[in-house]
Amino acid sequence: MKSKQNGGADSAAQTDRSLIDQLSEALAADALPFPLFPLRPRVSGLYTTPALVLQPPLPHPIPQPLPVPFPPFPPIPQPQPGPDPVPFAQAGNADALDGEIAPIFPLSMREELRLDVDGNFPQHVASGVIRSGLAQRANWIARVTRVSSYRYRGAIFYKEGSVGLIPQTDVEIQVLNPLTAGTRQARVTFSGSGPSRTRDFRYRSSYFHSVEFEFDCAEGTEAITNFQTHSHPNRPAGLANENLTINTVFRRAGFDVSRSGGDGVVPISGAGANARWSDSEMHDAMQTYWSRFANRAQWSMWTFFASLHEQGTSLGGIMFDDIGPNHRQGTSIFEDAFIKNPPSGDPAPAAWVQRMRFWTAVHEMGHAFNLAHSWQKSLGTPWIPLANEPEARSFMNYPYGVSGGQAAFFADFAFRFSDPELLFMRHAPERFVRMGDAAWFDHHGFRNADPALQPNFRLTIRANREPAVLEFLEPCVVELSLTNISDEVQLISEDVLRDTNNILLIIQKDGKPTRQYVPYARPCFRESTIALNPNQTRSDSIFIGAGVNGWDLAEPGRYTVRALIRIDDEDVISNPLVIRVQAPAGMEEEQFASEFLNPEVGRALAFDGTRFFSHANDTLERAVEQFPTRRVATHAAIALAAPKLRTYKLLTIGEGETAMTSAADAGGRIRTIKPDVAAAMPYVELALANPRLAADTLGGIDARYYRETIGAAIEREGDQETADRVRGVLDQRQVASSATPTMEESKGASSAVIRKKIGVTS
Amino acid sequence: MATISVVLKHGFAGENVVVTVDGREVFQRQVRTRMQIDRADACEIPVDAGTHRVGVRIETADGSRTIEANAEAGRMIVVSLVDGVPQVNVADENAGDA
């Protein structure tokens, strides 16, 4: 059981901050009880606009905005020269550059401004985020210089996302009412290309982002979260004497740090019999003991203090969380590793050890912000042109890796991150930095694949139509085909294409980090092996519209999807499938998206309907009523029809129970709902009456599956004529248009059992 | 009992690595460098006091390469692949990874 040792973490976090920090924050917030002058209040921090309604609904179709010419990126000045600086990832504007009609129904435009011109380690940068409607977002960064009192000007050197939202090339920022935080504003004028635009922002915080930490300890281990900076004599001459905390380090990096209040103790039994921790054991502990654990991106992280990693004393700490779809949520520090051994003859060995443990903790937490080691900046996917900094006095450098070793490092170490690191943490697109968002270090989903030199299989991924262009809100179904390309019979699992435990699906939107599709449920099949003859193909479909990760293919733009299946020791990698998601057809559809793209609707579609999520059913009904000619209506109709055609068992529990108890004790009962063919038929007609549309959007395999299973369900209710009509509705016209090999072709199975979807009973 | 640590660092991309101490195989695994700790894998081998012969064999589809070093108990053998060529250093045990 987790021990709640630190229920007062928030108050503790307040009291451990240095006087300098408290003073500077109070200064920024005008919270001092004495006159400020001649001190100059700092104005750096976060500013936001209220949502701005730009224009009334526009007629459809909307003319496409012209692509915006984009100036080349100048290099960012680097404090340390380094080899091979990586050029900017010209992620660009997938929406505007790929010929797609951009979603330009700017119901509202919300903006953020991060002004970074004073305070701790100023980067002399302004950055911003522009959000328009549901689908468009642009990030920009400008280097600025002070041109007069509280007035800053500079050129935008970085744009990312829907850059059509910001055609301008320069910004000028005037801080209004700088002396009082409560009324402080920033007036930003964008100019230089396209029409000038001016917006007013209200001051929100002296920090750029908020972040939350939780510190847990393995049983018998102490969390090292502070260091008395003058406790060791080897230090910079000008280093302030203070009790420096981890919270303060990150506050100075620009983050409004809070604590979850869930700090506690993890039983050592979690480390297994050897009492050392493996990555998977720590990941399990994180899921169990971190009070904020969730399968989603959030500005929150878990830091775990333990004795040793299973690799032994040579590993001082690790950001272990490159597991699953949400990386960088957890880090660990191993206090009995090499970091507890001071150099022989050190004048203050206890302080040396405390400093190394403190450095290690911040270092690992820095990885959770997606910071690479100082000497690895140019590797991986470039998020911003960081050069290697092998001599940097940064938390992200190894003290014993610089010239002169750890003594030289600490003699000049100011307990901070480097300027390029601060630029990244404060101003890079949020998803590159936020925990659980962009994958650790790079965005290449198949970096760890192990394809065979002489493969036995070919894996093909395809949509059921060419080109694969999805309408806005249309759930995505892909079809996988596995072909034996060897000269010999290959034995494979019968469920090789259904077993999502063994299928890795990677989705990458242009210019965005790679995401892994994670289904809502994982099946458990009885192992059954079949033979796949040379040149024989086996096919099946996968719904990837929504999963635990959310709606990965919802935003308009261009996506690349790849699949990987492991068969014995061979990784079989598919072709890349390019899918384009169109812009909303109108404002009504764009508005409806906020209602439709939610987890309950996602689950209803993935499981072919629900009787439980009544709100999801209401939303699906609206999809059918409002957009009957759009492809989303086909999927919604299937999800509404299927539960009505089977005997549905629903667990109901009385209201008012709060304590955890059994369903029986809570008054739960299983209610059986009988099939209602009449209620289902309007939806069946809508989904299947147009065979080409049904096969186009459901896929050839799924269209046949629904025809069979729905027909069988109607037949069970005694309506043979209707059953025959449903079964036959696709027979003559549509199926032939699908190039996908049928499962009958591949295994000669009975057509009565074409495919079993998870959650569907027949 | 004293140990010798063997740390496999940069440049590994799925190679099979076999570690021997005085001719005895003590470690065998396919390894890949993880950027967040700048290492692929590590092992600690209990040894008697004195100097020992440590061999590291790196096997790829193109063949295998072996590199050897003498190390005293308590020391760390650090192996990296630089442009496919194995390099070895005998390091102070303080120089670990994080």
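Refer to the structure presented above.
The rules behind each value
- Here the residue index of a chain counts from 1 through its sequence in written order.
- As they are written, the chains are lettered A onward and the ligands numbered 1 onward, keeping that order.
- At least 70 in pLDDT is required for a residue's local features to be given in this predicted model, at least 80 for side-chain atom pairs to be given and counted, and no such filter applies to totals for whole chains, interfaces and linings, which use all residues.
- With hydrogens and water excluded, all non-hydrogen atoms of the structure serve as input to the side-chain values.
- In this analysis, strands are considered paired if DSSP registers two or more bridges between them.
- Secondary structure counts use DSSP, requiring at least four H or I residues in a row for a helix and at least two E residues in a row for a strand, with both numbered from the N terminus.
- Note on method: axes are straight lines fitted to C-alpha atoms, helices fitted across the in-contact stretch only, with angles between N-to-C directions ranging 0 to 180 degrees.
- Burial classes follow relative accessibility: with a 1.4 Å probe on protein chains only, a residue under 20% of its type's maximum area counts as buried, one over 50% as exposed, and anything between as partly exposed.
- In this description, the arc belongs to the directions extending from the helix axis to the C-beta atoms.
- Contacts between residues were defined by any pair of non-hydrogen atoms, one from each residue, lying within 4.5 Å.
- A carboxyl oxygen of Asp or Glu within 4 Å of a side-chain nitrogen of Lys or Arg is what we treat as a salt bridge.
- Accessible-area loss on putting two parts together, using a 1.4 Å probe and summing over both, is the definition of buried area adopted here.
- In the analysis that follows, any N or O atom pair within 3.5 Å is treated as a polar contact, provided that within protein one partner can donate a hydrogen and the other can accept it, and provided that, for residues neighboring in sequence, both atoms belong to side chains.
- Here the term charged refers only to Asp, Glu, Lys and Arg, the term nonpolar to Ala, Val, Leu, Ile, Met, Phe, Trp, Tyr, Cys and Pro, and the term polar to all other amino acids, Gly among them.

## Overview of the sheet that holds strand S1 (residues 45-48) of chain A
Strands belonging to one sheet form pairs held by backbone hydrogen bonds; the direction of such a pair is parallel or antiparallel. Read once around its circumference, the closed barrel built from 8 strands follows the order S1-S2-S3-S4-S5-S6-S7-S8 (chain A), with strand pairing classed as antiparallel. Between one strand and the next, the sheet's axes are offset by a mean angle of 30 degrees, whatever the strand orientation.

## What to know about helix H10 (residues 587-596) of chain A
Residues and elements named next belong to chain A. Taken together, the buried positions of H10 are Glu 589, Glu 590, Phe 592, Ala 593 and Phe 596. One face of H10 carries all of its buried residues, which in axial projection span an arc of 160 degrees. Check the buried side of H10 and you find it contacts helix H11 (599-606), helix H12 (614-626) and helix H13 (631-641).

## Overview of the side chain of Glu 589 of chain A
Residues and elements named next belong to chain A. Residue placement: Glu 589 occurs in helix H10. For Glu 589, a relative accessible area of 2% translates into the label buried. Beyond its immediate sequence surroundings of up to four residues, Glu 589 is in contact with Phe 472, Leu 473, Pro 584, Phe 627 and Arg 630.

## Looking at the sheet that holds strand S1 (residues 2-8) of chain B
Residues and elements named next belong to chain B. The mixed open sheet is built from 4 strands, whose spatial order is S4-S1-S7-S8. Each end of this open sheet is capped by a strand with a single partner; those strands are strand S4 (41-47) and strand S8 (85-91). With strand direction ignored, the average angle separating the axes of adjacent strands in the sheet is 20 degrees. As judged from the 7 bridges shared by strand S7 (residues 76-82) and S8, these two strands associate in the antiparallel manner. Paired with Val 79 across the strands is Val 88, a residue of S8.

## Description of the pattern of salt bridges
Tallying each qualifying case throughout the model produces 40 salt bridges over all chains. The salt bridge partner of Arg 39 of chain B is Asp 97 of chain B, with a shortest N-O separation of 2.9 Å. With Arg 39 of chain B in the loop between strand S3 (24-32) and S4 and Asp 97 of chain B in the segment after S8, this pair connects stretches of sequence that are 58 residues apart. Here Arg 39 of chain B matches Asp 97 of chain B in class, with each residue buried. Overlapping salt bridges bring together Glu 471, Glu 589, Arg 630, Arg 631 and Asp 696 of chain A as one network.

## Regarding the environment of Lys 649 of chain A
Residues and elements named next belong to chain A. Tracing the backbone through its elements, the reader meets Lys 649 in strand S28 (residues 648-652). Overall, Lys 649 belongs to the exposed group, its relative accessible area being 59%. Along the sequence, Lys 649 and Ile 670 sit 21 residues apart, while their C-alpha atoms lie 6.2 Å from each other. When sequence neighbours within four positions are dropped, the list of residues in contact with Lys 649 reads Ile 670, Arg 671 and Thr 672.

## Some remarks on the interface of chain B and chain A
With 22 residues of chain B at the interface, the matching set in chain A holds 35 residues. The contact between chain B and chain A buries some 2,100 Å² in all, and 45% of this surface belongs to carbon and sulfur atoms. Ionic pairing is found between Arg 34 of chain B and Asp 279 of chain A, a salt bridge with its closest N-O pair at 2.3 Å. Across the chain B-chain A interface, the total number found is 20 residue pairs in polar contact (both at pLDDT 80 or more). The greatest single-element share of the side of chain B that touches chain A, amounting to 3 residues, is contributed by S4 of chain B. Looking at side-chain class alone, the side of chain B that touches chain A contains 8 nonpolar, 6 polar and 8 charged residues.

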